Amino acid sequence: MAEAETLTKPDFVLETFIRTDQDTLWEAIVSGEAMAQHHFAFGRGAGRADTAEGLTLYTEAGAPALSHSLISADPKRRIDMTFEPKWSETLPTSRCTYLIEPHGDVMKLRIEHYDLPSAMDGAREGWARWASSLKTYLETGQPLRVGVPA
């Protein structure tokens, strides 16, 4: 069994279907530049990344807001990363998994979040906002900035 695979159940699961190809969806998840284009909260230019190491998103003021470090990857199919909230010094690191599966001319994206602390109840809505913005961006070229003032 791979290091990232466990017998534990995720604390949160979200699934969506996106009209895109596998390569484009993969790049949108692992590229800091792509993430900065579609992330609902951080906006253009906010992502910086070394995809071999992970991804950090920054606020417009330049402060780190969220980091992901690579745990394992099966390119274009699965990526396991840490989820490190930088907006609070008291929130622990947890783990998230992205699973990509072709379904005809669309891709199924499944997001699993493990070890999600109860103090991060807002993460569930954050994932829904992120997935909605990602889907909209990949299908229309424009991100969906839900809940973020212009």
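That block above? That's the structure.
Undergrad: Tell me about the pairing of strand E5 (residues 78–85), residues and numbers included.
TA: The buried fraction of E5 is high, at seven of eight residues. For strand E4 (residues 64–74) and E5, the ladder comprises six bridges, and the chain directions are antiparallel. Residue pairing across strands places Leu-66 opposite Pro-85, the latter belonging to E5. A loop of three residues connects E4 with E5, the two strands running antiparallel in sequence, and Lys-76 in this loop sits at a positive phi of about 70°. Of the pairings in the sheet, the one linking E5 to strand E6 (residues 94–103) comprises six bridges and is antiparallel in character. Among the inter-strand pairings, Ile-79 is bridged to a residue of E6, identified as Tyr-98.

Undergrad: Any details on the packing of aromatic side chains? Residues and values, ideally.
TA: Taken as a whole and assessed by the stated rule, the structure comprises four aromatic pairs. Measuring from centroid to centroid gives 5.9 Å for Tyr-98 and Trp-127, while their planes differ by 75°, and the two rings are edge-to-face. One end of the pair, Tyr-98, is in strand E6; the other, Trp-127, is in helix H3 (residues 122–140), and 29 residues separate them in sequence. A relative accessible area of 2% means that Tyr-98 is categorised as buried. Between Trp-127 and Trp-130, the ring centres sit 5.7 Å apart and the planes meet at 85°, which makes this aromatic pair edge-to-face.

Undergrad: Lay out the side chain of His-113 in plain terms, naming residues and giving numbers.
TA: Of note, His-113 is situated in strand E7 (residues 106–114). Apart from residues lying up to four places away in sequence, His-113 is in contact with Pro-10, Asp-11, Phe-12, Phe-83, Ser-94, Arg-95, Cys-96, Met-120 and Trp-127.

Undergrad: Run through helix H1 (residues 22–30), naming residues and quoting values.
TA: Taken together, the buried positions of H1 are occupied by Leu-25, Trp-26, Ala-28, Ile-29 and Val-30. For H1, the capping residue at the N-terminal end is Asp-21, with a side-chain oxygen 3.1 Å from the backbone nitrogen of Asp-23.

Conventions used here
Residues numbered from 1 in each chain as written. Predicted model: local features only at pLDDT ≥ 70, side-chain atom pairs only at ≥ 80, totals over all residues. Heavy atoms only, no water. Buried < 20%, exposed > 50% of the residue type's maximum accessible area, 1.4 Å probe, protein only. Helix = DSSP H or I, 4+ residues; strand = E, 2+ residues; numbered from the N terminus. Pairing = 2+ DSSP bridges. Phe/Tyr/Trp six-rings, centres within 6.5 Å; stacked < 30°, edge-to-face > 60°. Contact = heavy atoms within 4.5 Å. Polar contact = N/O pair within 3.5 Å; in protein donor to acceptor, adjacent residues only side chain to side chain.

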